Amino acid sequence: MSKHIVVLAGDGIGPEIVGEAVKVLAAVNEKFGLGITWENQLLGGAAIDAHGVPLPDVTLDAARKADAVLLGAVGGPKWDTIERSIRPERGLLKIRSELNLFANLRPAILYPQLASASSLKPEIVAGLDILIVRELTGGIYFGQPRGVRTLENGERQGFNTDVYSESEIRRIAHVAFQLARQRNKKVLSVDKANVLEVTELWKEITTEVGKEYPDVQLSHMYVDNAAMQLVRAPKQFDVIVTGNLFGDILSDEAAMLTGSIGMLPSASLDQNKKGMYEPCHGSAPDIAGKGVANPLATILSVAMLLRYSFNAEAAAKCIEEAVGKVLDQGLRTPDIYTEGTKKVGTKEMGEAVVAAL
Ligand code: NAD
C-alpha cells in the first residue's frame, strides 16, 4: 500500500524545522523501505501571500486525499492586522475541522537528559511520560448558541455553550482506552461533574466505555484537582482524557513540566487514524530565519505520524531513539542549552538525528 503525506511548512521557523524533519523522514523511509511519498502545499501566511486565503482549495484537496499531514507552524506579525476571518490561524482551525480531526494527542515526555530544563525538581519530573488525549472538535469552543447580547437593562452579556453528545464522548473515550493499552494501561478521565451536567454525562459515558476495556484501569478526577496533581506528582498519570477546554489548559500545563516547548510533538486524528502531526509550539517569529530553532518537536511529530497513521512502530522508535542519542551526545539548540553541553543550530541538530538513525 502506498502512503502519501502532505507537508505544510507554514510560516516563521516552519520551513526550517520541517526541512530537517523531512530529511529524517526520507532517511527512515529508505532504511525501513516504507514506500512513503510526499508533496508540499501552502497553509497560513504563506498561503495568504500566494492565494489571498490561509487554506487554499488545492491544499485542502491534497490533505483530504493524503494519508497524513505534517505541519510546521503558521502565523506571524506580518498577518496580525489583516481581517480576522482570513488570518493564518483560521486556516489551521479550518483544516482541523474539515478533516474531522477530533482526537488531539499531546505527549508530555521528559527526556532524562533534559530534567534540569524543567521548572520542577528533577526527581518529580525525571522520566515523565504522560499522554493527554483532548477532544478537539466539540465542547464549548464550538457549542451554539454563543455570542455577546444586550440585556433589557442595556448591559452586555457574553455567553457560550458547553455541549457534548454521547457519541462524541464515546469515540474520544475509545481512542484513550486503545492508546492506554499500548502504554501503562491507565486512563484518567477529567471532568467537573460536581458542577457541570455536560461533564456528568462525560463521566457516565467514559465509565460505560471503560467496561469494554477491563484490562485498563479507569479513574476520574475533577479538573481543579487534576491541574494541582499535574504539578504535585505528575508521574502518577499515564493517559489523561478530557474535553476541549480542559484539555487545552491541562496539555499546556503538562507541556511546561518538560520545560522545553521545542521538544513536544502532537497528533490530531480522525476516526480512521488519518492524522495531522505538528509540533506544539508556534512559528516563533522572534527567531525565524536565524537557523537556531529546535527541530526536535517536528522530528518527533514524524515519529508519531509513522506510529499512529502508518503503523510503522519500528521506524517511529528508531527516530525517538536517535533523538535520545543526540541528546546523549550533548547536542543542544539554544532553547535547551545548559552549561557543559554543545550548542548547535537547526541544521546541525537535524543532521545529527539523521546520522544517529
Ligand atoms: P511560539 O510557540 O511561536 O513562541 C513562544 C516562544 O517559544 C518564543 O520565544 C519562541 O522563540 C520559542 N520557541 C517556539 N518554538 C521554538 C523552537 N522550535 N525552538 C526554539 N524556540 C522556540 O508562540 P507565540 O510567540 O505565542 O506565537 C508566535 C506565532 O505563532 C503567532 O502568530 C501565533 O499565532 C502562532 N502560533 C501558531 C501555532 C500553530 O501553528 N499550531 C501555535 C501557537 C502559536
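On a predicted model such as this, the values are computed, not experimentally measured, just so you know.

Draft legend 1. Up close: the overall build of the chain. The secondary structure content of the chain amounts to twelve helices and 14 strands. Computed over the C-alpha atoms, the radius of gyration of the chain is 20 Å, within 12% of the 21 Å expected from 2.2 N^0.38 for a compact globule of 357 residues. Projected onto its principal axes, the C-alpha positions of the chain cover 60 × 50 × 45 Å. Expressed as a percentage of the 357 residues in the chain, the buried residues total 53%. By sequence separation, contacts in the chain at least 24 residues apart represent 74% of the contacts at least 6 residues apart. Approximately 15,700 Å² of the chain is accessible, and the part contributed by carbon and sulfur atoms is 52%. For the chain, the separation between the mean place of its 38 positive charges and that of its 44 negative charges on side chains is 2 Å.

Draft legend 2. Structural detail: the packing of aromatic side chains. Applying the stated criterion to the full structure yields two aromatic pairs. Between the aromatic rings of F177 and Y213, the centroid separation amounts to 5.0 Å while the plane-to-plane angle is 10°, which identifies the pairing as stacked. One end of the pair, F177, is in helix α6 (residues 166-181); the other, Y213, is in the loop between α7 (197-210) and β9 (217-222), with 36 residues separating them in the sequence. A residue is classified by how much of its surface remains accessible, and Y213, at 5% relative accessible area, is buried. Its guanidinium or amino end placed over the ring of F159, R149 lies 3.8 Å from that ring's centre, counting from NZ or CZ. We note K343 situated over the ring of Y337; from NZ or CZ to the ring centre the distance is 4.6 Å.

Draft legend 3. Structural context of the side chain of T242. Along the chain, T242 turns up in strand β10 (residues 239-242). A residue is classified by how much of its surface remains accessible, and T242, at 0% relative accessible area, is buried.

Draft legend 4. Main features of the pairing of strand β5 (residues 129-135). Burial within β5 is extensive, with six of its seven residues counted as buried. With seven bridges connecting them, strand β4 (residues 103-109) and β5 associate as antiparallel partners. The residue bridging A103 from the neighbouring strand is E135, located in β5. Bridge count for β5 against β10 is four bridges, and the pairing is parallel. Looking at the pairing, R134 lines up with T242 of β10.

Draft legend 5. Structural view of the side chain of R307. As for its position among the elements, R307 is in helix α10 (residues 296-308). Not counting the four nearest positions on each side in its chain, R307 is found in contact with A312, E313, A316, K317 and E320.

Draft legend 6. Region of the structure containing the domain arrangement of the chain. By domain assignment, the chain separates into domain 1 (1-100 + 284-357) and domain 2 (129-257). Of note, the centres of domain 1 and domain 2, computed from C-alpha atoms alone, are 27 Å apart.

Draft legend 7. The arrangement of the pairing of β9 in detail. With six bridges connecting them, strand β8 (residues 186-191) and β9 associate as parallel partners. Directly across from D191, in β9, lies its bridge partner Y222. In this fold, the crossover linking β8 to β9 by way of α7 has right-handed handedness.

Draft legend 8. Looking closely at the site of the ligand. Within the structure, the ligand sits among 18 residues, and E89, G282, A284, D286 and N294 are positioned closest to it. One of the backbone N or O atoms of V74 is found 2.9 Å from an oxygen atom in the ligand. The contact in question runs from a nitrogen atom of the ligand to an N or O atom on the side chain of E278, over 3.2 Å. Starting from 810 Å² of accessible surface for the ligand in isolation, the protein chains cover 67%. Taken together, the residues of the shell around the ligand sort by class into eight nonpolar, six polar and four charged.

Draft legend 9. Region of interest: the sheet that holds β9. Strand order in the open sheet formed by ten strands is β2-β1-β3-β12-β11-β4-β5-β10-β8-β9, and the pairing between neighbours is mixed. The open sheet terminates on both sides in strands that have one partner only, identified here as β2 (36-41) and β9. Each strand of the sheet is rotated relative to its neighbour by a mean of 20°, with strand direction disregarded. Taken strand by strand, α7 contacts β5, β8, β9 and β10, and its axis lies near 160° from that of β8. Each of β4, β5, β8 and β10 is contacted by helix α9 (residues 244-257), which is oriented at about 155° to β5, the strand it contacts most.

About the criteria used
Residues numbered from 1 in each chain as written. Predicted model: local features only at pLDDT ≥ 70, side-chain atom pairs only at ≥ 80, totals over all residues. Heavy atoms only, no water. Helix = DSSP H or I, 4+ residues; strand = E, 2+ residues; numbered from the N terminus. Rg over C-alpha atoms; globule rule 2.2 N^0.38 Å. Buried < 20%, exposed > 50% of the residue type's maximum accessible area, 1.4 Å probe, protein only. Contact = heavy atoms within 4.5 Å. Areas by Shrake-Rupley, 256 points an atom, 1.4 Å probe, with all protein chains shown as cover. Lys, Arg positive; Asp, Glu negative; His and termini not counted. Charge placed at Lys NZ, Arg CZ, Asp CG, Glu CD. Phe/Tyr/Trp six-rings, centres within 6.5 Å; stacked < 30°, edge-to-face > 60°. Lys NZ or Arg CZ within 6 Å of the ring centre and 35° of its normal. Pairing = 2+ DSSP bridges. Domains from an automatic or database assignment. Right-handed = clockwise from strand over helix to strand, strands pointing away. Near = heavy atom within 4 Å. Polar contact = N/O pair within 3.5 Å; in protein donor to acceptor, adjacent residues only side chain to side chain. Nonpolar A, V, L, I, M, F, W, Y, C, P; charged D, E, K, R; others polar. Axes fitted to C-alpha atoms, helices over the stretch in contact; angles between N-to-C directions.

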